[in-house]
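# Per-entry structural report
These are the residues of each chain, in order.
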Amino acid sequence: MTGEHGIGGEKRKHMHLRFSKSELAAQRVLKAAFDPAHILNPGILLPDPYVDEPALPGFQQRVLEAVSACTSQAAAFHARTPPTALQGAQADPGIQINVENLTITALAHVPVSLLRASLSAQGLSSDLLLPGYEDQTLSQLLQEDSTRPAILEHLLAIKATLPDDVSVRFGSENVKDVAGYDMKHLFVGSGDHFGCVQEVTLKVSPLPHRA
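These notes cover the structure that comes with them. (Residues numbered from 1 in each chain as written. Predicted model: local features only at pLDDT ≥ 70, side-chain atom pairs only at ≥ 80, totals over all residues. Heavy atoms only, no water.)

Next up on the list: the nonpolar core. Considering soluble globular proteins, one finds that nonpolar side chains tend to be buried as a cluster. One finds Leu56, Phe59, Val63, Leu142, Leu155, Leu162 and Phe187 to be the most contacted residues of the largest nonpolar core, which totals 47 residues. Elements with a minimum of two residues in this core: helix H2 (21–34), helix H3 (57–71), strand E2 (103–107), helix H4 (112–121), helix H5 (138–143), strand E4 (155–161), strand E5 (167–171) and strand E6 (196–203). With six residues, the single largest contributor to this core is H2. (Core = buried A, V, L, I, M, F, W, Y, C linked by side-chain atoms within 4.5 Å. Buried < 20%, exposed > 50% of the residue type's maximum accessible area, 1.4 Å probe, protein only. Helix = DSSP H or I, 4+ residues; strand = E, 2+ residues; numbered from the N terminus.)

Right, here's the structure in full:
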């Protein structure tokens, strides 16, 4: 919908073409956590709620917990349960590389070592997938707090299942994608607190040319 100036009042009526009802509902939860009285930019960005839009009480509770932890200057917020690797990554790597667009999309259980090898075979690399993380899965790399700064520079999109058992996708393969709130960054460094990440899209770079 837009790659530059975001969504104001003019394009908000078209947001349903870009986001599902669950994805719009999740964005409403985030806004309400910081603006419970709905006084910040009313009538901007998000369209009017649909009658059958899900309430997402589980996701809402997780967001409120995170906001409360930050505003009360509590100890650094961490997930209750560390992400766990799924089995079968070697048999079903679940990797899609877009060489022309310089992006890679992979299932969250894929090992970092397999991602690096797949990129190298296409003449690509990622500063994010550095040696030392080979034993981790993509979801572990994404959701551990220690890798937060690097992830934020490379993350383009995530597909996740929220605590309310609904599937959402935030972001896209486009580097400039400012439709709606940047919800994908909720899942960086927060374990599985906001939901279980299923798929991740990262931007990558060409390997240095060797004469």
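It is worth spelling out the sheet that holds E6 at this point. In spatial order, the strands read E1-E2-E6-E4-E5; together these five strands make up an open sheet with antiparallel pairing. Each end of this open sheet is capped by a strand with a single partner; those strands are strand E1 (95–98) and E5. Adjacent strand axes in the sheet meet at a mean angle of 10° when their direction is disregarded. Bridging between E1 and E2 involves four bridges; their strand directions are antiparallel. Across the sheet, glutamine 96 pairs through a bridge with threonine 105, a residue of E2. On the sheet, H4 packs against E1 and E2 and is oriented at approximately 35° with respect to E1. (Pairing = 2+ DSSP bridges. Axes fitted to C-alpha atoms, helices over the stretch in contact; angles between N-to-C directions. Contact = heavy atoms within 4.5 Å.)

Inspection of the secondary structure assignment puts proline 49 in the loop between H2 and H3. Taking the C-alpha atoms as reference points, proline 49 and lysine 21, separated by 28 residues in sequence, lie 8.7 Å from one another.

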